[in-house]
Every structure is written in structure tokens, then in C-alpha cells.
Amino acid sequence: MTSPVLHDARPDSPRVFIETYGCQMNTYDSSAIGGILIRNGYTRTDVLADADIVLLNTCSVRELAEHKIFSRIGELRSLRRHDQIRAEIIGVCGCMAERLAGALAKGTGRADLVAGVDQYDRLPVMLDELIEKKPRRAPVATGHLDHMHYVAPPEAYPTNNSHLVTIHKGCDYRCTYCIVPETRGPQREKTPEAIIAEIEGIVGAGGAEVTLLGQNVTAYKSPELDFAGLLRRVAEIDGLDRIRFLTGHPCDMDEPLIQAIADLETVCPWLHIPAQSGSNRVLKRMKRFYTSETYLDLVATARRMIPDVTFSGDFIVGFPGETRDDFLRTLELVREVRYDQTFNFKYSARPGTPAARLEDDVSLEEKKARLAELIALQDDVWTELAADEIGRTRWVAVEGKARRPEGAVKARTLNNRKVLLKDCDAVTGDVIEVRITGCESTTFIGILV
Ligand code: SAH
Ligand code: SF4
Ligand code: F3S
């Protein structure tokens, strides 16, 4: 565990606006960056126009995500030129900083600072130098470190009841389409003691719920504990009411882990286990190391052992060589599993990954058509699942006021389904019993029983 370098606090307290893209690991890191900068005399602001420094925490997972950032930098620079924002520093952090530092610092990007995912403790020094010396060249810090683990302090986190806790970083799988092992580096664990201390801090600050995070949390392995052991240990923390985790890799989900989820009352019965494809031929070329049959066995075992378990997953359509028949296997899998939610993506070739050497031979039109078909099927699956819930009573944890309508609160069932309670005066953290009366899109409507 590293604590940030404590630099001389800046009396002028420059205001930092952080814009976060990508996955929850980036959300967590943005909180960590906020914490590091606040401890070094900077202030965090939620108002872009007020910021002296804008940091973009970026994602490289698909080409479009990177395009978005290059245009966002252009847009911010233009706002600055026209005095619509005052930020003198527009910096880039996150996965793109790691992968495209050169292009960002010098080339088309023209960012004022580039800091990769293991370099955030250097941000105060880098920013101080930028502010004081105004160098002509953008400072760049990248590269992966063994020891670097962040703690997002509770005070830097936007809500106070539910917190993210990254338990390891990087990934040792090498799925052939994926850029994450390059941008995040190899898998490196936080120690169980550090994780427990962090969660105890969250509970001490009033939090009751954590989501344990990692590219593959289920592959967590310290010398003393695997993920099942860690879950058992975290579940012993006094005052912690709910534990969720993301993402699970189907290959790490063994029976002892499923048993731990089933045994532990505070571990929510919801599994996010991306399948990516239902075709064994495609799965093999993706190097996912399971088949649709073993995946379905896993789902069946979880259903048998964990009451009320729900599933969500990710899918990629149009992987190189994916035929119509391969795609039909994906639809079959989605129909069989009956996910609550799927996150569906068109394959995007990432430079340097093994799949990028394969011919990207499914046309964009075909990818779009498959994506639409998959989304439509999942909508049907969800409509059926939702209809089955109407009239049931469920325990929900209240997450806060809903944006709309006035007087409504948003809540979540233990198995991660969203519920809107209209005209309800329950407050964040309350756990109440409700009857499900309807469903609007992916959110149930409930009333107190
Ligand atoms: N570690 C997780 C998630 C990784 S990234 C896992 O193993 O499942 C989140 C999702 O983005 C992936 O699950 C995958 O569905 C999608 N994804 C990753 N690389 C992609 C690519 N090159 N093109 C399209 N989608 C991709
Ligand atoms: Fe990427 Fe695969 Fe690692 Fe997930 S498991 S982060 S998809 S390489
Ligand atoms: Fe994107 Fe990096 Fe997360 S590539 S999905 S922000 S690990």
C-alpha cells in the first residue's frame, strides 16, 4: 500500500475537475486521484468552468472510446481559446495515457500532461512543476509498478453509502481481442489486510455497502487467501451490510466460490460473468478457455446453489471469422441463461492484440445488424423475467433520491435489480420490504408493504 507523496500543500489550492470514462476501475481511480490531490492542497470541483485543471481519465477498450477522448481534448482546447473555460492544464490519465502517451503529449492529442494508471501519486509534483515552470513539453509518466495500489478515501467518493473498492489491478488473462493487459499491466493484488483496512475505513465513515472491483476479481490470489477466502473475510466486517463484486471470469468460478456466495448473507446473489460468445469456435479463438456447455453448467450450478441469483454479462459480436451460425450460438446462450442485463459490443480491433492480426472480416453493417438482433433478444428475455416479478415482495436497499419524479427514491434488490419507489420518504441506507407493481424499461416500480 502506498500513500501519496506529500508535497508542500499549495496555498493557492488550484481547482481540479476530473472527467471519467471507461469502467468502474477508472471511477475508483478518479476518487483516488481526487484524494491524492486534495491531500496535496488541491481542491476538487464539479464545475468544469471553474476548474484550473481538467483531468480526463480515459479508456482504450474500443477504438471509439479513444476517438471520443481526442475530440474531447480538441473541444476543451477550443473552449479555453474562447475563454469559456479557464483551465490552463488539460491532462490525460487512465488507459489511453498508458497506450498512447506519445500521440497525446506531442502529436494530434496535445494534452498538457499525461499520467498512466500507476503514476497518480506523482500527479501533485507533475502539476506543481507545470504550474510553476510552464515547460514547453508536456510531462509524461507511464509504466507499471509492482507496489502501486491506490486507496480512494471515503471523503473523495461522491456518495456515502455504497463504495467501490479495487482489490487488484491488471489482468493475467490474454483474451485475444483485449487491450486491458497492456494498459493495466499484469495482475497485482492488494493484500487482504489492506483491503480489510480500506473497507473498515468506509464503514467507519458511514458506508454500508461495497463493490469489490478488478478486471477479474474472481482470480484474486494472495499468499493466504483466494477470492472465496477474501469474501468470507470481508463478510466478517462489522457494520458492512452488502458486498457485490465485478467482474467474474467464468474459469475462476469454482464450487467453493459459489458455496461462499451462497453461505454469506451479505454477499449479493448477482453474478456478472461475461460470456463474450456462445460459439465454441469463437471462444477458442478469443482464448476464453471455456465452452458454451461449461458456461451453462456454471450458470446451472449457481442457480441450484444460490437462491434468487441473477446474471449479467458482456458479449462481443463480429469477432474475426464469426459466421452467422456462430452468432446464432450466442443468441441461443442468451436465451438459455436469461440474463437480467447484457452489455453488447461490436468487435473493435485493438492494435497490438493477437486478434488484430486476424482479418476483421465481418462488415460493419453485419456487426450492427447482429448487435441490434442481440439487443432485441435481450429485451425480450428481460420483459419475460420482469413480468414474473410483478406482484412479488422483495427487500430493497435505498440508494438515494431519484432524479424523477419528485418525491421518489431509487433502491436496489439484493440481486441487483433497480426499483423506483414513488412518494416514499425512506432515506439512503434504509432496507425496506416492497411489493413490485410494475416495470418501466429496466427499473421496477415498487410500493412499501
Ligand atoms: N475483465 C472483464 C472486462 C473487460 S473489458 C472480462 O474479462 O470480462 C469489458 C468488456 O469490453 C469485455 O467484457 C468485452 O465484452 C468488451 N471488449 C473488450 N475488448 C473489446 C474489443 N476489442 N472490442 C469490443 N469489445 C471489447
Ligand atoms: Fe481483457 Fe480478458 Fe483480461 Fe477481461 S479477462 S480484462 S477481457 S484480457
Ligand atoms: Fe477501459 Fe481501461 Fe477499464 S481500457 S474498460 S478503462 S481497464
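Higher on the page you've got the structure.
Numbering of residues starts from 1 in every chain and runs along the sequence as written. Each chain takes a letter, starting from A, and each ligand takes a number, starting from 1, following the order in which they are written. Local features in this predicted model are restricted to residues whose pLDDT is 70 or higher, and side-chain atom pairs enter the listing and the counts only when it is 80 or higher, whereas totals over whole chains, interfaces and linings include all residues. The side-chain numbers reported here are obtained from all heavy atoms of the structure, hydrogens and water having been left aside.

> How would you summarise the overall build of the protein chain if you had to cite specific residues and measurements?
When its secondary structure is counted, the protein chain shows 13 helices and 19 strands. A radius of gyration in this sense is built from C-alpha atoms; the matching globule rule multiplies 2.2 Å by the number of residues raised to 0.38. Here the protein chain has a C-alpha radius of gyration of 23 Å; the compact-globule value for 449 residues is 22 Å, and the two agree. Its C-alpha atoms give the protein chain principal-axis dimensions of about 65 × 55 × 50 Å. Within the protein chain, the fraction of its 449 residues that count as buried is 55%. Helix and strand labels come from DSSP, where a helix needs a run of H or I of at least four residues and a strand needs a run of E of at least two; each type is numbered from the N terminus. Accessibility here uses a 1.4 Å probe with only protein chains present; expressed as a share of the type maximum, an area under 20% marks a residue as buried, one over 50% as exposed, and anything in between as partly exposed.

> Requested: an account of helix α5 (residues 123–133), with residues and values cited.
The periodicity of an α-helix, 3.6 residues per turn, causes residues three or four positions apart to be oriented the same way. Here α5 has its buried residues at L123, P124, M126, L127, D128 and L130. Immediately beyond the C-terminal end of α5, within one or two residues, lies K134, with a positive phi of roughly 40°.

> Before we move on, can you summarise the side chain of N161 with the specific residues and values?
Checked against the element boundaries, N161 lands in the loop between β6 (140–141) and β7 (162–166). N161 sits in the buried class, given a relative accessible area of 10%. Once residues lying within four places of it in the same chain are set aside, the contact partners of N161 are G206, G207, A208, E209, R242, V398, T428 and G429. We call two residues in contact whenever any of their non-hydrogen atoms come within 4.5 Å of each other.

> Explain the sheet that holds strand β18 (residues 431–440) residue by residue, including any values.
Taken together, the five strands give a closed barrel; going around it, the order is β15-β16-β17-β19-β18, and neighbouring strands pair in mixed fashion. With direction set aside, neighbouring strand axes in the sheet form an average angle of 50°. A pair of strands counts as paired when DSSP detects no fewer than two bridges linking them. To obtain an axis, a line is fitted to C-alpha atoms, over the contacting stretch when the element is a helix, and the angle between two such axes runs from 0 to 180 degrees between their N-to-C directions.

> Before we move on, could you go through the site of ligand 2 and cite the residues and values that matter?
In the neighbourhood of ligand 2, the contacting residues comprise C171, Y173, C175, Y177, C178, V180, P181, Q215, N216, H249 and R288. The classification used treats Ala, Val, Leu, Ile, Met, Phe, Trp, Tyr, Cys and Pro as nonpolar, Asp, Glu, Lys and Arg as charged, and all other residues, Gly among them, as polar. Here the shell around ligand 2 is built from residues that sort into seven nonpolar, three polar and one charged. Here a residue counts as near a molecule or strand whenever at least one of its heavy atoms sits within 4 Å of it.

> Tell me what's going on with the sheet that holds β7, and back it up with residues and numbers.
Spatial strand order, β7-β10-β11: three strands in an open sheet with parallel pairing. Looking at strand neighbours, the two that pair on one side only are β7 and β11 (242–246), the edges of this open sheet. Along the sheet, successive strands turn relative to each other by an average axial angle of 25°, direction set aside. Pairing between β7 and strand β10 (residues 209–213): five bridges, direction parallel. Each bridged residue has a counterpart across the sheet, and for S162 the counterpart in β10 is E209. Lying on the sheet, helix α1 (residues 24–39) is in contact with β7, β10 and β11; it crosses β7 at an angle near 100°.

None of this, on its own, says anything about what the molecule does.
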